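What follows is each chain in one-letter form.
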Amino acid sequence: MNCWEFMKCGREEGGKNAEKFGICPAFPENGNSCAKIEGAFCDLVLELLESKFTSCENCIFYHSENYDN
C-alpha cells in the first residue's frame, strides 16, 4: 500500500487535493518510502507537526508495515 492510499491525503495524480496542494513528490515511485523524499510532507494531512523529521517520526504510515525502510 502506498502512503497516499494509507493516509488518504489526496495528493496523488487526480487526487482531491492535488490541485490545491500539488502532486506529492513521492507519487508514483516512492509511495512506500516517502520519508526519503524531500517535499513529501504529511503535515499537510496531519497539520500539527513542524518539521519533516518530526512529522515522519510521528507518522502512522512511517511506523506501519507498509513503509519500506
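Residues numbered from 1 in each chain as written. Predicted model: local features only at pLDDT ≥ 70, side-chain atom pairs only at ≥ 80, totals over all residues. Heavy atoms only, no water.

Visitor: Looking at this model, I keep getting lost on the overall build of the protein. Mind explaining?
Guide: Within the protein one finds four helices and zero strands. Counting from the amino terminus, helix and strand elements in the protein follow one another as α-α-α-α. Counting the 69 residues in the protein, one finds 35% classified as buried. Within the protein, contacts between residues at least 6 apart in sequence are counted, and of these 46% link residues at least 24 apart. (Helix = DSSP H or I, 4+ residues; strand = E, 2+ residues; numbered from the N terminus. Buried < 20%, exposed > 50% of the residue type's maximum accessible area, 1.4 Å probe, protein only. Contact = heavy atoms within 4.5 Å.)

Visitor: Explanation requested: the confidence of the model for the protein in the structure shown.
Guide: Should the pLDDT be low somewhere, the predicted coordinates at that spot are not to be read in detail. Looking at the protein, pLDDT values average 83 and 80% of them are 70 or higher. Across the protein, the secondary-structure element scoring lowest on mean pLDDT is helix H3 (residues 43-46), at 54, and the one scoring highest is helix H1 (residues 3-7), at 93. (pLDDT = per-residue confidence, 0-100.)

Visitor: Would you take a moment to explain the packing of aromatic side chains for this structure?
Guide: Any pair of aromatic rings gets described here by the distance separating the centres and the angle formed by the planes. Scanning all chains against the criterion turns up four aromatic pairs. Pairing Trp 4 with Phe 27 gives two aromatic rings, centres 4.9 Å apart and planes at 70°, and the pair type is edge-to-face. Pair noted here: Trp 4 is in helix H1 and Phe 27 is in the loop between helix H2 (18-21) and H3, with a separation of 23 residues, a long-range link. When its relative accessible area of 10% is taken as the criterion, Trp 4 is described as buried. Relative accessible area serves as the criterion here: at 23%, Phe 27 is assigned to the partly exposed category. Of the aromatic side chains, those joined through ring pairs into one cluster are Phe 6, Phe 61, Tyr 62 and Tyr 67. (Phe/Tyr/Trp six-rings, centres within 6.5 Å; stacked < 30°, edge-to-face > 60°.)

Visitor: Quick question: what am I supposed to make of the side chain of Ser 64 here?
Guide: By the element assignment, Ser 64 lies in the segment after helix H4 (52-57). With a relative accessible area of 17%, Ser 64 lands in the buried category. There is a polar contact of 2.8 Å between the side chain of Ser 64 and the backbone oxygen of Phe 61. (Polar contact = N/O pair within 3.5 Å; in protein donor to acceptor, adjacent residues only side chain to side chain.)

Visitor: Just checking my understanding: could you explain the environment of Glu 38 for this structure?
Guide: Residue placement: Glu 38 occurs in the loop between H2 and H3. We classify Glu 38 as exposed; its relative accessible area is 74%. It is 9.8 Å that separates the C-alpha atoms of Glu 38 and Cys 24, two residues lying 14 residues apart in sequence.

Visitor: Would you take a moment to explain the nonpolar core for this structure?
Guide: It is characteristic of soluble globular proteins that their nonpolar side chains tend to be buried jointly. Counting 12 residues, the largest nonpolar core is built from Cys 3, Trp 4, Met 7, Cys 9, Cys 24, Ala 26, Cys 34, Ile 37, Ala 40, Cys 59, Phe 61 and Tyr 67. Contact partners of Cys 24, with chain neighbours within four places excluded, come to Arg 11 and Ala 40. (Core = buried A, V, L, I, M, F, W, Y, C linked by side-chain atoms within 4.5 Å.)

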